[in-house]
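As a plain string of letters, each chain reads:
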Amino acid sequence: MQKIIAVILDEDDRLSEIKDARKLSVYRKSRQSWTKEKEVILPRLYHGGMADIRKNLAGVIKDLDNCKIIAGKSITGLVYNVFNNAGFILSEIDDFDPSVLDGLYSRILKEIDALNDVETELSNIPTAPVETEIKGNYFLDFDLLKNSALPYSSKTALLPFLNSVRFNRLEILCDHVMPWLDLEMKKRNLSYTVTENGKGQSNILIRPAGAEGDKN
């Protein structure tokens, strides 16, 4: 990400909220210092309806060119949404002097790295049963999935699998037996057994009804 930051200022060159802003001063890091590269004069952002605001902001975004960081006292509402959807990083600061931009830029990089780490971690969490080294046997750690930030319920993680995959056994690790399980087992001619692992978790083993080792 290029070292370019736009700072929200009022007509007296003081750090401002977006609703009181008159311009964006764009600073670029060159060698050891941040220098003002240009100023983007803001139109009357809140003049007219939502369509007018979006049109005004489209012109501002075009003028900002390669700058993708905007800093000011407060950026909220429709203006925030438009900038955010356009890929801008929006940061709130209390005071402004070019000397604070190094710290702000470093903080943003750390936040991006942290988000990337979280995304990588989430991408490694299975969201559906995965076949084990034994063909036809599947496993899902739903307890891990449930406690992640991923938007999956037991139904969204398991029903598509049950509707489309033939299997010999499916083991699910979770913290409780799902209340919908009995009905879905009967509908699919499946059965299950439950064992506790001593860690507050249940191991649910699902098999086709009548399969060897089936006790239900």
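Here is what the cut-offs are and how they apply
Residues numbered from 1 in each chain as written. Predicted model: local features only at pLDDT ≥ 70, side-chain atom pairs only at ≥ 80, totals over all residues. Heavy atoms only, no water. Salt bridge = Lys/Arg side-chain N within 4 Å of Asp/Glu carboxyl O. Helix = DSSP H or I, 4+ residues; strand = E, 2+ residues; numbered from the N terminus. Pairing = 2+ DSSP bridges. Contact = heavy atoms within 4.5 Å. Axes fitted to C-alpha atoms, helices over the stretch in contact; angles between N-to-C directions.

*Asks:* Summarise the pattern of salt bridges; cite the residues concerned and give the values.
*Replies:* A side chain of one charge can pair with a side chain of the opposite charge when the charged atoms of the two come close. Under the counting rule described, the total for this entry stands at 13 salt bridges. The partner of arginine 14 in a salt bridge is aspartate 10, with the nearest N and O atoms 3.2 Å apart. Of the charged contacts, one joins aspartate 175 and lysine 146 as a salt bridge, the two residues approaching to 2.9 Å between their closest N and O atoms. With a gap of 29 residues between them, aspartate 175 in the loop between strand E8 (169-174) and helix H6 (181-187) and lysine 146 in helix H4 (residues 142-146) connect regions that are remote in the sequence.

*Asks:* Could you give an account of the sheet that holds strand E10 (residues 202-208), with specific residues and numbers?
*Replies:* Strand order in this open sheet of five strands is E6-E7-E8-E10-E9, and the pairing throughout is mixed. The strands lining the two open edges of the sheet, one partner per strand, are strand E6 (130-131) and strand E9 (190-196). Where strand E7 (residues 137-141) lies against E8, five bridges are found, and the strand directions are parallel. In the strand pairing of E8, asparagine 137 is matched with arginine 169. The sheet strands contacting helix H5 (residues 154-164) are E7, E8 and E9, and the helix crosses E8 at an angle near 175°.

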